[in-house]
Amino acid sequence: MRLTRLFPAAGAALALALTATACGDSTGPVSMTQGEASALFSTVFQEVFTGFIQSGGDAATLAAGVSVSCEGGGTALVKGTSTATQDNLNIAFTGCHSGTFIVDGSITFTGTTTSASIKGDLTISGSKTGSCNVDVTISTSGQTSTASGSVCGVNVSGLQTA
């Protein structure tokens with residue numbers, strides 16, 4: 001169950017990273033501000049965490065998939081494996097509302113106690129429409145996490161949290 005240990009540090013790193021990036025740094029098909037990308041990723045990240053917690057860490061339940069109702073409507077199906085040393089999850093979003101956006105598509109989460117990779121392609125509709133690539137790597141050492149990569153073209157690289 002490495003995911004539960006990595007999530008607090010990873011969440012803090014990503015929140016800091018997305019909050020600290022400059023507005024208008026979007027290079028993807030959907031042009032987003034850092035605030036919009038942060039809100040979107042917070043919702044996506046929350047659905048992953050909720051699905052994992054709802055599975056109770058039970059391997060059979062997680063392998064079969066845990067359907068999570070998104071706060072504003074829609075669903076996220078969290079499926080995968082979790083061992084003492086590795087988590088591999090696929091999260092499929094169907095009409096998942098994140099405030100101003102509706103999210104479809106999927107991401108993968110691969111993590112250990114010291115690192116995580118979150119990658120995928122999402123389709124965004126609502127106040128903005130288009131595709132959004134998620135490619136984030138998080139390294140954790142003790143209470144410090146460092147994020148690199150991007151969410152919808154917003155750069156999260158090099159920022160740390162303690």
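Here is what the cut-offs are and how they apply
- Residues numbered from 1 in each chain as written.
- Predicted model: local features only at pLDDT ≥ 70, side-chain atom pairs only at ≥ 80, totals over all residues.
- Heavy atoms only, no water.
- Helix = DSSP H or I, 4+ residues; strand = E, 2+ residues; numbered from the N terminus.
- Buried < 20%, exposed > 50% of the residue type's maximum accessible area, 1.4 Å probe, protein only.
- pLDDT = per-residue confidence, 0-100.
- Contact = heavy atoms within 4.5 Å.
- Core = buried A, V, L, I, M, F, W, Y, C linked by side-chain atoms within 4.5 Å.
- Disulfide = S-S within 2.5 Å.

Chemist: Honestly, unusual backbone geometry in this entry has me stumped. Any pointers?
Modeler: Where the residue is not glycine, phi is negative for most of them; where a peptide bond is considered, it is trans in most cases. The backbone phi angle of Cys 152 is positive, close to 55°, even though this residue is not glycine. Secondary-structure assignment places Cys 152 in the loop between β7 (144-151) and β8 (154-155). Take Cys 152: its relative accessible area is 2%, and that puts it in the buried class.

Chemist: How should the confidence of the model for the protein be read in this particular structure?
Modeler: Low pLDDT means the predicted coordinates in that region are not meant to be read closely. Per-residue confidence for the protein gives a mean pLDDT of 74, with 72% of residues at or over 70. Note on residues 1-28: pLDDT is under 50 here. Beyond four places in sequence and across chains, it has 82 contacts.

Chemist: How should the nonpolar core be read in this particular structure?
Modeler: In a soluble, globular protein the nonpolar side chains are often hidden away together inside. If you look at the biggest cluster of nonpolar residues, it comprises 32 residues, and the most contacted ones within it are Met 32, Leu 40, Ile 91, Phe 93, Leu 122, Ile 124 and Val 134. Counting only elements with at least two residues in this core, the list comes to α2 (34-54), β1 (66-69), β2 (75-82), β3 (87-97), β4 (101-111), β5 (115-126), β6 (130-141) and β7.

Chemist: Please clarify how the state of the cysteines should be interpreted in this entry.
Modeler: Disulfides are covalent bonds that connect the sulfur atoms of two cysteines. This structure, assessed with the given rule, holds two disulfides. A sulfur-sulfur distance of 2.1 Å marks the disulfide that ties Cys 70 to Cys 96. The sign of the S-S torsion, about -110°, decides the handedness of the disulfide formed by Cys 70 and Cys 96: left-handed. Pair noted here: Cys 70 is in the loop between β1 and β2 and Cys 96 is in strand β3, with a separation of 26 residues, a long-range link. Here Cys 70 falls in the buried class, since its relative accessible area comes to 5%. Paired through a disulfide, Cys 132 and Cys 152 show a sulfur-sulfur distance of 1.8 Å.

Chemist: Looking at this model, I keep getting lost on the environment of Thr 81. Mind explaining?
Modeler: Along the chain, Thr 81 turns up in strand β2. For the pair Thr 81 and Leu 62, spaced 19 residues apart in sequence, the C-alpha to C-alpha distance is 6.4 Å. The residues contacting Thr 81, other than those within four sequence positions of it, are Leu 62, Gln 86, Asp 87, Asn 88 and Leu 89.

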